Every structure is written in C-alpha cells, then in structure tokens.
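# Coordinates in review
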Amino acid sequence: AMIVFFLFLEGLPIFKEVSVGQFLFGKYWYPTADEPDFGIYALESHHGDAFRMETIRHDFAKLLFVIDGRGRLETGEESYALAADMPVYIPPGVSHRIVDRPGKPLSLYAVCIEMKSMPVSIRQRMEALPLSLVRTRYRAHRWHERFRQLLYEQMAWRDDRSITILETVLWM
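Residues numbered from 1 in each chain as written. Predicted model: local features only at pLDDT ≥ 70, side-chain atom pairs only at ≥ 80, totals over all residues. Heavy atoms only, no water.

### Quick word on the overall build of the protein chain
For the record, the criterion: The helix count covers DSSP runs of H or I at least four residues long, the strand count covers runs of E at least two residues long, and both are numbered beginning at the N terminus. Pairs of residues are marked as contacts when any of their non-hydrogen atoms sit within 4.5 Å.
Scanning the protein chain from N- to C-terminus turns up five helices and eight strands. Put simply, the protein chain runs from its N terminus to its C terminus through helices and strands in the order α-α-β-β-β-β-β-β-β-α-β-α-α. In the protein chain, of all internal contacts separated by at least 6 residues, the share reaching a separation of at least 24 is 73%.

### A word on the nonpolar core
Put simply, the rule is: By convention a nonpolar core is built from buried Ala, Val, Leu, Ile, Met, Phe, Trp, Tyr and Cys residues, the set being connected through side-chain atoms within 4.5 Å. Any residue under 20% of the maximum accessible area for its type is buried, any over 50% is exposed, and the rest in between are partly exposed; the area is computed with a 1.4 Å probe on protein chains only.
Ranked by size, the top nonpolar core spans 19 residues in total, and within it Val111, Ile113, Met126 and Phe147 carry the most contacts. Listing elements by their share of this core, those giving two or more residues are β1 (40–46), β2 (61–68), β7 (107–113), α3 (120–128) and α4 (140–155). Examining the composition of this core, we find that five residues originate from one element, α4, more than from any other. Discounting chain neighbours no more than four positions away, the residues touching Val111 are Ile40, Tyr41, Ala42, Ala61, Lys62, Leu63, Phe147, Leu150 and Val169. In this structure, Leu64, Met86, Val88 and Ile90 belong to the second largest nonpolar core, which totals 15 residues.

### Considering the sheet that holds strand β6 (residues 96–100)
To be explicit about the condition: Two strands are counted as paired when DSSP detects at least two bridges linking them. Orientation is described by axes fitted as lines to C-alpha atoms, over the contacting stretch for helices, and by angles from 0 to 180 degrees between their N-to-C directions.
Strand order in the open sheet formed by three strands is β4-β3-β6, and the pairing between neighbours is antiparallel. Both outer strands of the open sheet, β4 (79–83) and β6, are each paired with one neighbouring strand and no more. Averaged over all pairs of adjacent strands, the angle between strand axes in this sheet comes to 25°, irrespective of strand direction.

### Re the sheet that holds β1
Within the open sheet, the five strands sit side by side as β1-β7-β2-β5-β8. Their pairing is antiparallel. Since the sheet does not close on itself, it has two edges, and those belong to β1 and β8 (132–133), each with one partner. Looking at chain direction, β2 and strand β5 (residues 87–90) are connected through four bridges and run antiparallel. Paired with Lys62 across the bridge in β5 is Ile90. Of the strands in this sheet, β1, β2, β5 and β7 are in contact with α4, which crosses β1 at around 110°.

Below, the structure is given as structure tokens:
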C-alpha cells in the first residue's frame with residue numbers, strides 16, 4: 001500500500017499540465033510525446049508471435065540491441081542473423097525489415113538518432129558508418145545497461161537528462 005501511495009505522490013506533478021479527466025480518458029496525451037532530447041529516442045520492443053514488419057526506411061539512424069529471441073535483419077541485398085546480446089547499427093536511408101524466427105520472437109531495445117540534431121563532427125562520422133552487426137558478446141552487459149539507462153533518462157523529469165542521454169549515446 002505504501003508503494004502505491006509513493007507512486008501516486010511522484011506522479012502528481014503531471015496534473016499541472018493534464019487534467020485528471022484527460023489523463024484517464026484522453027486520446028491525445030502520451031508521456032513520451034515530448035520532442036526527444038538531442039533528437040534521440042529510446043524504446044523497448046517485445047515482438048509477439050504474430051509480429052510482421054514491412055520494409056521501412058528512415059531518415060534517422062537506428063541502433064538496436066537484441067535482448068532475446070532470434071530472427072533476421074533483411075535489407076534489399078543482404079540478410080543478417082540476429083540473436084541475443086547483439087548490437088546492430090542501421091544508418092539513415094537503409095531500407096530494412098526485421099523477421100522473427102517462428103516460436104522465438106525478438107525482444108530488443110532501439111535508439112533512434114536524428115542526425116541533424118547531432119553535433120556536426122559526430123553526425124559526419126555516423127553517416128559514414130555502414131550497417132554494422134557486432135557478433136561478439138563482449139561487453140553485452142554494458143550495452144544492456146546503457147539502453148536501460150536511456151529508457152530511464154528519457155522518462156526522467158530532471159534538468160540534466162538531455163546531457164546524460166547524449167553522453168550515453170556517444171558511449172555506444
């Protein structure tokens with residue numbers, strides 16, 4: 001009961017911006033609807049058995065980290081095996097889709113990085129990188145920690161969260 005009470009107290013500041021009715025029944029407010037800090041947005045995705053992805057192409061870079069499951073990353077020309085503890089970098093403009101192995105759907109973290117929001121020197125280096133898969137489990141626990149940190153920082157209401165998010169992505 002005390003945990004629920006403290007969670008309620010921590011959530012009270014949101015009602016300065018959103019009414020209780022809008023919070024409970026609204027269709028337009030979403031806690032991650034704010035513009036991402038430095039054009040960086042982190043998410044966690046757990047595919048179901050029925051997950052199907054169309055081929056997509058973004059104007060932002062995408063960094064993936066496979067948490068669990070097995071599958072393939074398909075581009076127009078190539079197909080790459082995906083497995084747990086594998087980081088993947090997809091540059092802007094690369095058409096791709098993820099195909100899960102039947103019975104072993106993927107769970108993954110993703111960080112979307114809007115290149116125009118990055119400092120010029122970093123943007124130039126990132127845009128020059130090819131699609132990359134790291135096939136070793138070396139430092140996998142650090143990658144996992146960094147993605148969890150990004151998810152946490154993204155939802156934090158602290159003034160310094162933008163700097164922490166940028167620093168975390170630059171480490172990756």
